[in-house]
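Coordinates in review
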Amino acid sequence: MESSFRPIAIAVEIIVLMGVIYALFLGVKLSAFDFGLEEKYQRFIDWVFVVMGCLAFVFFVAHLIVFYPRISL
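First things first, this report covers the structure right here in the doc.

Parameters and conventions
Residues numbered from 1 in each chain as written. Predicted model: local features only at pLDDT ≥ 70, side-chain atom pairs only at ≥ 80, totals over all residues. Heavy atoms only, no water. Salt bridge = Lys/Arg side-chain N within 4 Å of Asp/Glu carboxyl O. Helix = DSSP H or I, 4+ residues; strand = E, 2+ residues; numbered from the N terminus. Buried < 20%, exposed > 50% of the residue type's maximum accessible area, 1.4 Å probe, protein only. Phe/Tyr/Trp six-rings, centres within 6.5 Å; stacked < 30°, edge-to-face > 60°. Core = buried A, V, L, I, M, F, W, Y, C linked by side-chain atoms within 4.5 Å. Contact = heavy atoms within 4.5 Å.

Concerning the pattern of salt bridges
Summed over the entire model, instances satisfying the criterion amount to 2 salt bridges. Among the salt bridges present, the one from Asp46 reaches Lys29, with a minimum N-O distance of 2.7 Å. On the criterion of sequence distance, the pair formed by Asp46 in helix α2 (residues 42-67) and Lys29 in helix α1 (residues 5-34) is long-range, its members being 17 residues apart. You can call Asp46 partly exposed: its relative accessible area is 28%. A residue is classified by how much of its surface remains accessible, and Lys29, at 15% relative accessible area, is buried.

Examining the packing of aromatic side chains
Following the criterion strictly, the structure yields 2 aromatic pairs and no others. Taking the centre distance of 4.8 Å and the plane angle of 10 degrees together, the rings of Phe25 and Phe49 count as stacked. Here Phe25 is found in helix α1, whereas its partner Phe49 is found in helix α2, with 24 residues between them in sequence. Judged by its relative accessible area of 18%, Phe49 is buried.

Here we look at the nonpolar core
Core analysis: the biggest nonpolar cluster contains 12 residues, these being Ala9, Ile10, Ile14, Ile21, Phe25, Phe33, Ile45, Phe49, Ala56, Phe60, Leu64 and Tyr68. At the level of secondary structure, the elements contributing two or more residues to this core comprise α1 and α2. In terms of residues, this core owes the most to one element, α1, which gives 6 residues.

So, the environment of Phe60
Its location among the elements puts Phe60 in helix α2. When its relative accessible area of 18% is taken as the criterion, Phe60 is described as buried. Taking C-alpha positions, Phe60 is 14 Å from Tyr22, a pair spaced 38 residues apart along the chain. Excluding anything up to four places from it in sequence, Phe60 contacts Ile14, Leu17, Met18 and Ile21.

Regarding the environment of Phe49
Between the C-alpha atoms of Phe49 and Leu26, which are 23 residues apart in sequence, the distance is 8.9 Å. When neighbours within four sequence positions are excluded, Phe49 is seen to be in contact with Phe25, Val28 and Lys29.

Here it is as structure tokens:
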């Protein structure tokens, strides 16, 4: 019998992981523009990070659903 805590635990872990990924991408973006990347590339960089973020989200969801341990009470 599976409890309802597993989906909640997976959702919380996804939120935390995507927060870390967002902070990482924002730091890379800001430092790239600080070191001289021109503003005309900002829209392209934003799209690249959105696509990479979506791929990371799909990766994390798939792996957490498959490999997250069963919680038994």
